[in-house]
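What follows is the residue order along each chain.
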Amino acid sequence: MDITAPRFTEETAAREHLESLHWPNGPFCPHCGSFNATRLQGGHHRPGLVQCNDCRQQYTVTVGTVFERSKVPLNKWVLANHLLCSSKKGISGHQMARMLGVTYKTAWFMMHRIREAMKDTHPGPMGGYGETIEADETYVGGKVGNRKSERRRYGIAQADRNPFRGKEAVVALVERGGRVRSFHVANVSGETLRHVLVTNAHRGSWLMTDEHQGYKAVGKEYVGHGVVAHSKGEYGRAGVFHTNTIEGYFSLLKRGIIGVYHHVSKAHLHRYCSEFDFRYNTRKLNDFERAEEALLGAVGKRLTYRRAAVAA
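Remember, predicted model here, so these are calculated numbers, not experimental data. Residue numbering note: each chain is counted from 1, following its sequence as written. In view of the model being predicted, local features appear only for residues whose pLDDT reaches at least 70, and side-chain atom pairs are presented and counted only at 80 or more, with totals across whole chains, interfaces and linings using the full set of residues. Side-chain descriptors were evaluated using all non-hydrogen atoms of the structure, hydrogens and water having been removed beforehand.

Visitor: It is not clear to me how the sheet that holds strand β1 (residues 37-39) should be interpreted in this structure. Could you clarify?
Guide: Hydrogen bonds between backbone atoms are what pair the strands of a sheet, whose relative direction is either parallel or antiparallel. Any two strands with at least two DSSP-identified bridges between them are counted as paired. The helix count covers DSSP runs of H or I at least four residues long, the strand count covers runs of E at least two residues long, and both are numbered beginning at the N terminus. The 3 strands lie next to each other as β1-β2-β3, forming an open sheet whose pairing is antiparallel. At either end of the open sheet lies a strand with only one pairing partner, and these are β1 and β3 (58-59). Relative to β3, strand β2 (residues 50-52) runs antiparallel, the two sharing 2 bridges. Considered in β3, the bridge of Q51 is made with Q58.

Visitor: Help me out: how do you make sense of the packing of helix α2 (residues 74-86) against helix α11 (residues 287-296) in this one?
Guide: The angle between the axes and the distance between the axes are what describe a pair of packed helices. Structural elements are reduced to axes, namely lines fitted to C-alpha atoms, with helices fitted over the stretch in contact, and the angle between N-to-C directions of any two is expressed from 0 to 180 degrees. At a closest axis distance of 9 Å, the pairing of α2 and α11 adopts a crossing angle of 120°. Relative to α11, the element α2 is oriented oblique. The handedness of the crossing between α2 and α11 is right-handed. Of the residues in α11, those in contact with N81, H82, C85 and S86 of α2 are D287, F288, R290, A291, A294 and L295. Side-chain classes follow a simple rule in which Ala, Val, Leu, Ile, Met, Phe, Trp, Tyr, Cys and Pro form the nonpolar group, Asp, Glu, Lys and Arg form the charged group, and the remainder, Gly included, forms the polar group. Residue composition of the contact of α2 with α11, by class: 5 nonpolar, 3 polar and 2 charged. Every angle not falling under 35 degrees, over 145, or within 65 to 115 is termed oblique; those three ranges are roughly parallel, roughly antiparallel and roughly perpendicular. Each crossing is labelled by how the near helix is turned from the far one, with a counterclockwise turn of less than a right angle marking it left-handed and a clockwise turn marking it right-handed. Residue contacts follow a heavy-atom distance rule, with two residues in contact if any of their heavy atoms lie within 4.5 Å.

Visitor: Help me out: how do you make sense of helix α9 (residues 244-261) in this one?
Guide: At 3.6 residues per turn, the α-helix brings residues three or four places apart onto the same side. The length a helix should cover is 1.5 Å for every residue beyond the first. Between its terminal C-alpha atoms α9 stretches 25 Å, which fits the 26 Å expected from 18 residues at 1.5 Å a residue. Within α9, the full set of buried residues consists of I246, Y249, F250, L253, G256, I257, V260 and Y261. Viewed end-on, α9 has its buried residues packed into an arc of 145°, placing them on one side of the element. Where α9 is buried, its residues touch α2, α4 (104-118), β4 (132-140), β5 (168-175), β6 (180-185) and α10 (269-281). Buried means the residue's accessible area, taken with a 1.4 Å probe over protein chains only, is under 20% of the maximum for its type, while exposed means over 50%, and partly exposed covers the values in between. Here, the arc refers to the directions that run from the helix axis to the C-beta atoms.

Visitor: Help me understand the pattern of salt bridges in this model?
Guide: Any two side chains of opposite charge can pair, given that their charged atoms come close. Each salt bridge in this description consists of a side-chain nitrogen of Lys or Arg and a carboxyl oxygen of Asp or Glu lying within 4 Å of one another. Enumeration according to the criterion identifies 13 salt bridges in this entry. Where E11 meets R15, a salt bridge forms, and the shortest distance between an N and an O atom there is 3.9 Å. Remark: R15 and E11 occur in helix α1 (residues 11-22); sequence separation between them is 4 residues, near one turn of the helix. Linking E116 and R271 is a salt bridge whose minimum nitrogen-to-oxygen distance equals 2.5 Å. Remark: R271 occurs in helix α10 and E116 occurs in helix α4; sequence separation between them is 155 residues. For the pair E116 and R271, a shared accessibility class is recorded, and that class is buried. Ionic contacts of the salt-bridge type, sharing partners, join the residues K88, D287 and R290 into one network.

Visitor: Looking at this model, I keep getting lost on the sheet that holds β6. Mind explaining?
Guide: On the basis of which strands lie adjacent, the open sheet formed by 5 strands has the order β6-β5-β4-β7-β8 and mixed pairing. The open sheet has two edge strands, β6 and β8 (224-228), and neither has a second partner. Neighbour-to-neighbour, the strand axes of this sheet turn through a mean angle of 20°, independent of strand direction. In terms of strand pairing, β5 meets β6 through 6 bridges, oriented antiparallel. Each residue of the ladder has a partner; that of A172, found in β6, is S182. This element, α9, spans β4, β5 and β6 of the sheet and lies at about 30° to β4.

Visitor: Help me out: how do you make sense of α1 in this one?
Guide: With 12 residues, α1 extends 16 Å between its outermost C-alpha atoms, agreeing within 8% with the 16 Å of an ideal straight helix rising 1.5 Å per residue. When we look at burial in α1, the residues that qualify are A13, A14, R15, H17, L18, E19, L21 and H22. Tucked into the core, α1 has its buried residues touching β1, α2 and α11.

All we've got here are geometric facts, nothing functional implied.
What follows is the structure, given as structure tokens:
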């Protein structure tokens, strides 16, 4: 397959592609869950319209998805989804707008909808007995010393003294050889770290962290807790005690934000985390399989403009 496939250039082909993914057993009513439906055809019916024979509601394949009520042609949605899924470090909103032939505002909102589709809405516990989970935190934001306001207020030397000032914290958990899950948090404290861990990581797992004191108490709730002392220049011990897997994920996240997006809003950082989580978790799939996985995740995640605007 290639990017010139009909579903990327023709709206009818794009709709048929979505129907094959979302309705493998025929039209499914998003209102009552019935498979008893009739396709409405004719000049006065819009393409793809279906009527449920039980609840009598009319719908298309986009109802109840992130594509609902969009004026953008479906083939452009499918193309945007493929471009975002196949770009290894992401794609900027302006680049997306140029490639789709839409405004930047439209491309920006489309990309946030697709990131919403990438989010895992029913995540199970990570790890398990015999499994190792690495946990770590990082800070997203430019160098403090590069900010004019900081240099003007504190001076160059003082601005460089606190490298975390004005940055946003991201905590992530990763299974060795498995999946990653990252979270934008208000602060990095023992309470915050415990909440992230106990709500996402199976207590039968081995927990591997650095020497941050916030992990000390919660580490006792797991089968084992290994600590790597970065402050002493230790980055690995016995081939087992390390956090190199999560550090590798953070390098991908930061390189994408610094090199492609340059700046992300505090209100939407969690959506970018979902994007990089999804790309990491589907790393063994090819680009077309990854894009189809994102399209499958579009159901039940409608994101209205009002919700996105209020968050911004």
